[in-house]
Each structure stands twice: as C-alpha cells, then as structure tokens.
Protein chains: 2
Amino acid sequence: MKTKITQMLGIQHPVFQGAMAWIADAGLAAAVSNAGGLGIIAAGAAPTEIVRDEIRKAKGLTDKPFAVNIMLLNPNADELAQLVIDEGVQVVTTGAGSPAKYMEQWKQAGIKVIPVIASTAYAKRMERMGADAVIAEGMESGGHIGDTTTMALLPQVIDTVSIPVIAAGGIADGRGLAAARLFGAEGVQCGTVFLSAKECNIAEQYKQMIYKAKDISTVVTGRASGHPVRSLKSPLSRELLKLEGHIETRTLEEIERITAGSLRKAVQDGNLQEGTFMSGQIAGLVKGDSDCSTIIEIMVQEAEAFLRNAPSLIG
Amino acid sequence: MKTKITQMLGIQHPVFQGAMAWIADAGLAAAVSNAGGLGIIAAGAAPTEIVRDEIRKAKGLTDKPFAVNIMLLNPNADELAQLVIDEGVQVVTTGAGSPAKYMEQWKQAGIKVIPVIASTAYAKRMERMGADAVIAEGMESGGHIGDTTTMALLPQVIDTVSIPVIAAGGIADGRGLAAARLFGAEGVQCGTVFLSAKECNIAEQYKQMIYKAKDISTVVTGRASGHPVRSLKSPLSRELLKLEGHIETRTLEEIERITAGSLRKAVQDGNLQEGTFMSGQIAGLVKGDSDCSTIIEIMVQEAEAFLRNAPSLIG
C-alpha cells in the first residue's frame, strides 16, 4: 500500500508502531521496520546513554528506517535532540511538549519530524512550525491521552492541515487501516496490537491481560490531576480512581507514591497488583501471539481487500 | 444506498436521526423520514400524552416510517410501551435500561426493536433477547454516553453479533458514513449534525454554539456521579466540573439543583449561562444552517463517492 507517508519515509507499509514507554525498544522497533512498517524506539524517561544504546542496537538489527520518539518535557530532551542527529536517525516523533526549539537543527540534519497531536489547533501549529506530518491520536489509545476520539479528531485534523496525517487510536486490524485511509489518513500508528508480537518483550502476564481484554476492559485514571492515562482495569487503577474522588495534597502524594514505577512493574514484572498495564480500547480485538511481520502483512492485506470491495457497499 | 437496515425498515437511506431529548420532536423526525432517513421522536422524560401528540403530529407530516425512542428507566415506560403499539409505530429504539419486559408484545405488534448499546456484552444480550438490530454508540456522542469510542466499539460489536449494527458517535458527513459501512455497519445514527437543520427547533444561540464549535469544544460532566453527559463547554459545565472535584452529599444536591431544567434552558431559551448544550465531538464539522433533506442527500452522495474511490487508496 503506497501512500504519501510510505514515499516520504521510504517504507513499504503505512503502519507505524506506537512509542510505548518501557516497551518500544530496539528489538520491537527493528522487527516492525524489518516487516516494512516504521518501528519507533520510545526514549520515554530513559537516560540518554540508554537511548543511544537502543538506537545502535536497532541499527544492528535493521537497515530500514526507524524512528525515535522524544517526550519534549523530559529533562534530557536537549541531549536526546542532539543524539538523534549524531546517530543519523531519519525520523523523529514527538510528544508531551513543543518541538519548536529543535525544529531547525532537525530539518538541517534531514530528519523527518512527526509530532503526535490531539487537537486541530496543535496540528495547525505543528504544520506552521515545519512538521513533515502529524500523528492524530484519539483518546481510545493506551497510555497518555487527550480528549477527542479518533472518529471525531481524524476528519477535523485532515480538514485543517495539508501535511500527511497518520491516524492513531482504536486501530488494530485491516478495517481500522482501511477506514483511516478512507478518511484521508496516509497511514496508521498502532500500539496495543504490537503488544502481542513475539518481538515485544513484556511480561507474559501483561500479554495475557491484553488477550483477555474486552471492549470495556480499559479505564482512564489521572483525569483529576490533568494527566489522563488509559490502562487495563486492575487493582491499581481501581485504587487510583478511589483516591481521585477526593483530591487533596495528601492524596496527590499517595497517588504519586503508588504510581511511581508502576509501568515498569507491569512491563518487566507482570505485577498484577501494583502494575499499570497501558492499553488501548481496541485490546478486545487482539487475541493471541503473533509477530510483527504477520501483524503488518495481515493488516495491510485485509485493508486492501476492504478498500477493493468498498464500491459494493453502495448497494 | 441499500443496506440490510434500509430493506428491513423500508427506508431509502441508512441514516437515523438520534433521539435527542427535548429536541427530536415530530417536526424533526418527520423531516428526516421525508428525506429518506429514519426520523426518531425522543420520548425523553415527556408525559405519555405529549408523546402521543407528537406521534400523531408526525403521522400527519409524513407517510414514511419513523421511530420512537423510549428511555426504559422512565416512570412512564409501561405506558409508552403500550402507546407505540396503539399508535402503530413501526420502529422503537431504546436506551437507559433493558427492553426485556416489552419485547414480546412489541414483536407481536410487528414493531422493529433497535436498542442503543455501548458495549459488546449488552449488544449480545439484546440480540439474544430478539432485537432486530443494535445502535452501537461511541462516547464521542452528545448527551448521555458510555466509555468506548466508535472506532473501538464498532468493530468489536460487529464481531460479536449477527444482527445489523448501526454506528453512532462522531459521524456528521459522508466520510463517517463510508467508514461505518466499511467497518460493516448497515447504517449510521447522527445527532449533532441535525441540530443545524432548519426543521430542528432549538434556540438560535444553541445553533450558533454548534457552528462555532471546534474539535475540543465539548466536555464530559457527571462522571463523578456515574451518569456522564457530553455537552459544549459553557459556564454551567465549568461549574459542574468544579463541583465534581469534591463530591459530598451537599455538592450532589447542588449539582442536581443547577442541572435541573438546564437542557430545556439550552434548547428553548438559549440560556448561555445556565443551559446544558448537548453536543457530540463532531460538532466542529457542522458549519451552518441546512435542512434534513440536504444533510442526508449530501452525506449519502459523499459516502458513495468515498466508497467508489476506495480502491484507488490501495496505491
């Protein structure tokens, strides 16, 4: 499936793998890139040295383009901004802040810059700033989210900007990719479905929770503190929602105490009691072990079949 | 556009008009039915006599099928259930509760029963109960909402039931209808876009708020009390969110006091200070006055064009 984004980035399929902190490492990103999609290493809150190691590891695992995602509010954002230039990374996706400060140096280095956005206003701002594309992420996504859903956000963003738009949130199969293309998106970014890939190095307990998930298995915590996060319902998310009912300084501290390290506890330890298992609402469609190549091949084949048969839906 | 639902109901276009309480009256429903869609009278919390008057008024305005929506937790649900039989209404949509109690008598009367659902489990339950179709409503919708978005809910419901599925939430134009068809939906239900119809008898202030709305103009209140409602941001919604930060008996009473009648204040009075202006997240796509016939004709024509051109998106 050729689109403006596959041509811009020199990739085979218009499928990005979402930058899941603690999860999207060199192994997963390289597997996705080798499968013809765009693998993305999530810098997350990792020290610069660790991110450098991951980038170099990915280079050893694939000769295809891959991206690094930088959370711009992180204390080491300056270092990471320079690191991707030094390491010759070809694509950067950004979140949690504005890339304004780095845009010129990245463009001079030939890096394609693709911010994740959750509103039309921010999409417009990124386009004016020189972004090469934007990822419009609906609030059905896992992890940190905005307010607007993919179905509502995507057409409004597409009407607002002229640069390519990548759809994210609620997409795990060929139907989602086909629908996104029909709206005018040049590609999709998927997170949750890649949790099922054998190249995705998360605790087996986490994978099993994803496979068992249904449409109503996720919950949003953190709305009270202004940092909403979607994850699978769990003992920790229940506790958080209870605490969030009565926000005071004391409970904010308690929330910070019990959430600190909870993502690591989920990803590495599969700690069912104390982990935060981030997941999109689409987890109900993710049914069992696969690998990146199969996930992407089937998604694209299905999408092509849906698009090919679409005229028959006119009736 | 012929689908299973147009054939089942004997309508021309697979477009339902959402049952907006205080808004979806005989005039709007008849206009939508005359335009080839399915108009729906919202019984809301109205007395049975009023609903009877609206049904009879609609019969005088159209000879096409129209529906009545019944909120099953309302005190007069028994009366309304009998009313639709007595008045020969052909289609009933239901919300806020289970139609179990009335299913047999409705089926015997030849009424098509189409519950609004927000989860796969409820969709399955409705299918087992004998529902003729379900309306899968995403949380981007205006008014009372569930948790799951259209993009995530629709494919999961379609995978779960065999009866026709109507997509609702975030749909206001041909792209939304085409995408819904591509997912396998047999039709769509739209609310917000019909607020712009000249046959929609709401305060001019409300219409102007819709036209000015952007992608981030709605907000969800009532999460704290377990009855989430989406409406346009307004002085009242801000006040509610503030109160909801500290739920106690006192504030619950205060919330009830300031929300009582607030929908009527929006719809009839256009009271910008004290009204609740329900709206979906898709309001940003609704730009100005139209009429039901134009809204539906353009939506269907656009959807057909998108579906016809879909094979070219394979690239």
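The paragraphs below set out a description of the structure included in this document. In this text, all values refer to a predicted model and were calculated from it rather than measured experimentally.

## Quick notes on the relation of the copies chain A and chain B
The pair of chain copies shares a relation made of a rotation about an axis and a shift along it.
And then number 1: Mapping chain A onto chain B is achieved by rotating through 180 degrees and translating by 0.0 Å along the same axis, at an RMSD of 0.0 Å. These values place the two chain copies in the arrangement generated by a two-fold rotation axis. When C-alpha positions in chain A are compared against the rotation axis, the closest is assigned to Ala 179 of chain A, at 2.5 Å.
And then number 2: Most of the interface of chain A is mirrored in chain B: 100% of its interface residues are interface residues there too.

## Concerning the side chain of Asp 173 of chain A
All names here are of chain A.
And then number 1: Positionally, Asp 173 belongs in the loop between strand 8 (165–168) and helix 8 (174–183).
And then number 2: On the accessibility criterion, Asp 173 (14% relative accessible area) is buried.
And then number 3: For Asp 173, the residues in contact, after removing those within four places along its chain, are Leu 285, Met 299 and Glu 302.

## Considering helix 8 (residues 174–183) of chain B
An α-helix turns once per 3.6 residues; consequently, residues spaced three or four apart project the same way.
And then number 1: In terms of burial, helix 8 of chain B is largely enclosed, as 10 of its 10 residues are buried.
And then number 2: Positive phi shows up at Gly 184 of chain B, right after helix 8 of chain B, with a value of about 110 degrees.

## A look at the packing of helix 8 of chain A against helix 8 of chain B
And then number 1: Interhelical geometry of helix 8 of chain A versus helix 8 of chain B gives an angle of 160 degrees and a closest axis separation of 9 Å. The pairing of helix 8 of chain A with helix 8 of chain B is recorded here as roughly antiparallel in orientation. Between helix 8 of chain A and helix 8 of chain B lies a crossing whose hand is right-handed. Of the residues in helix 8 of chain B, those touching helix 8 of chain A at Arg 175, Gly 176, Ala 178, Ala 179, Leu 182 and Phe 183 of chain A are Arg 175, Gly 176, Ala 178, Ala 179, Leu 182 and Phe 183 of chain B.
And then number 2: By residue class, the composition of the contact of helix 8 of chain A with helix 8 of chain B is eight nonpolar, two polar and two charged.

## Remarks on the interface of chain A and chain B
And then number 1: Taken together, the contact between chain A and chain B spans 48 residues of the former and 48 residues of the latter.
And then number 2: Interface area for chain A against chain B, summed over the two sides, is near 4,100 Å², with a carbon-plus-sulfur share of 62%.
And then number 3: It is Met 151, Leu 182 and Ile 314 of chain A in chain A that bury the most area against chain B; as a group they hold 19% of the surface buried on that side.
And then number 4: Counting every contact that joins chain A to chain B gives two salt bridges.
And then number 5: In this structure, the salt-bridge partner of Asp 159 of chain B is Arg 175 of chain A, at a minimum N-O distance of 2.9 Å.
And then number 6: Applying the counting rule to chain A against chain B returns 14 residue pairs in polar contact (both at pLDDT 80 or more).
And then number 7: When contributions to the side of chain A that touches chain B are tallied by element, the ones reaching two or more residues are helix 7 (150–160), helix 8 and helix 13 (292–309) of chain A.
And then number 8: No other element matches the eight residues that helix 7 of chain A contributes to the side of chain A that touches chain B.
And then number 9: For the side of chain A that touches chain B, the class distribution of residues is 23 nonpolar, 14 polar and 11 charged.

## Focus on the pairing of strand 11 (residues 229–232) of chain B
Residue and element names in this part refer to chain B.
And then number 1: Here two bridges tie strand 7 (residues 143–144) to strand 11, and the two strands are oriented antiparallel to one another. Each residue of the ladder has a partner; that of His 144, found in strand 11, is Val 229.
And then number 2: The pairing of strand 10 (residues 218–221) with strand 11 spans four bridges and is classified as antiparallel. Each residue of the ladder has a partner; that of Val 219, found in strand 11, is Ser 231.

## Comments concerning the nonpolar core
And then number 1: Counting residues in each nonpolar core, the largest one holds 180 residues, and the members touching the most others are Trp 106, Phe 194 and Tyr 206 of chain A together with Trp 106, Phe 194 and Tyr 206 of chain B.
And then number 2: Excluding residues within four positions of it along the chain, Trp 106 of chain A makes contact with Ile 70, Leu 72, Ala 81, Val 84, Ile 85, Val 92, Thr 94, Pro 99, Ile 111 and Val 113 of chain A.

## Considerations on the packing of aromatic side chains
In this description, a pair of aromatic rings is defined by centroid distance and the angle of the planes.
All names here are of chain A.
And then number 1: On inspection of all chains with the given rule, the structure shows two aromatic pairs over all chains.
And then number 2: When the ring of Tyr 102 is compared with that of Trp 106, the centres are 5.4 Å apart and the planes differ by 35 degrees; the resulting orientation is tilted. Here Tyr 102 and its partner Trp 106 are both found in helix 5 (residues 100–108), four residues apart, which amounts to about one turn of the helix. Both residues of the pair, Tyr 102 and Trp 106, belong to the buried class.

## A short note on the sheet that holds strand 10 (residues 218–221) of chain A
All names here are of chain A.
And then number 1: A sheet is described by the order of its strands in space; here three strands give the open sequence 7-11-10, paired in antiparallel fashion. Each end of this open sheet is capped by a strand with a single partner; those strands are strand 7 (143–144) and strand 10.
And then number 2: Contacting strand 10 and strand 11 (229–232), helix 10 (residues 235–244) runs over the sheet at an angle of about 40 degrees to strand 10.

Cut-offs applied
- Each residue is numbered by its place in its chain's sequence as written, counting from 1.
- Each chain takes a letter, starting from A, and each ligand takes a number, starting from 1, following the order in which they are written.
- Only residues with pLDDT of 70 or above have their local features reported here, since the model is predicted, and side-chain atom pairs are shown and tallied only from 80 upward, although totals for entire chains, interfaces and linings are computed over all residues.
- Computation of side-chain values covers all heavy atoms of the structure but excludes hydrogens and water.
- Here the copies were fitted onto each other by least squares, based on C-alpha atoms from residues at pLDDT of at least 70 in both.
- Two residues form a contact once any of their heavy atoms are found within 4.5 Å.
- In this description a helix means any DSSP run of H or I spanning at least four residues, a strand means any run of E spanning at least two, and both kinds are numbered starting from the N terminus.
- Any residue under 20% of the maximum accessible area for its type is buried, any over 50% is exposed, and the rest in between are partly exposed; the area is computed with a 1.4 Å probe on protein chains only.
- To get an axis, fit a line to the C-alpha atoms, keeping to the stretch in contact for a helix; angles then go from 0 to 180 degrees between the N-to-C directions.
- For this classification, under 35 degrees means roughly parallel, over 145 means roughly antiparallel, 65 to 115 means roughly perpendicular, and everything else is oblique.
- In this scheme, a crossing is called left-handed if the near helix is turned counterclockwise away from the far one by less than a right angle; it is called right-handed if the turn is clockwise.
- Classification used: nonpolar for Ala, Val, Leu, Ile, Met, Phe, Trp, Tyr, Cys and Pro, charged for Asp, Glu, Lys and Arg, polar for all others including Gly.
- What gets called buried area is simply the loss in accessible area from a 1.4 Å probe that two parts show on being joined, summed for both.
- Whenever Lys or Arg places a side-chain nitrogen within 4 Å of a carboxyl oxygen from Asp or Glu, that contact is recorded as a salt bridge.
- Contacts described as polar in this section are N or O atom pairs within 3.5 Å, which, within protein, must combine one atom able to donate a hydrogen with one able to accept it, while residues neighboring in sequence count only if both atoms come from side chains.
- By definition, two strands form a pair when at least two bridges between them are found by DSSP.
- Residues enter a nonpolar core if they are buried and are Ala, Val, Leu, Ile, Met, Phe, Trp, Tyr or Cys, with the set joined through side-chain atoms within 4.5 Å.
- The criterion for an aromatic pair is that two Phe, Tyr or Trp rings (for Trp, the six-membered ring) have centres within 6.5 Å, with stacked assigned to planes under 30 degrees apart, edge-to-face to planes over 60 apart and tilted to the rest.

Shape descriptors only; they carry no functional weight alone.
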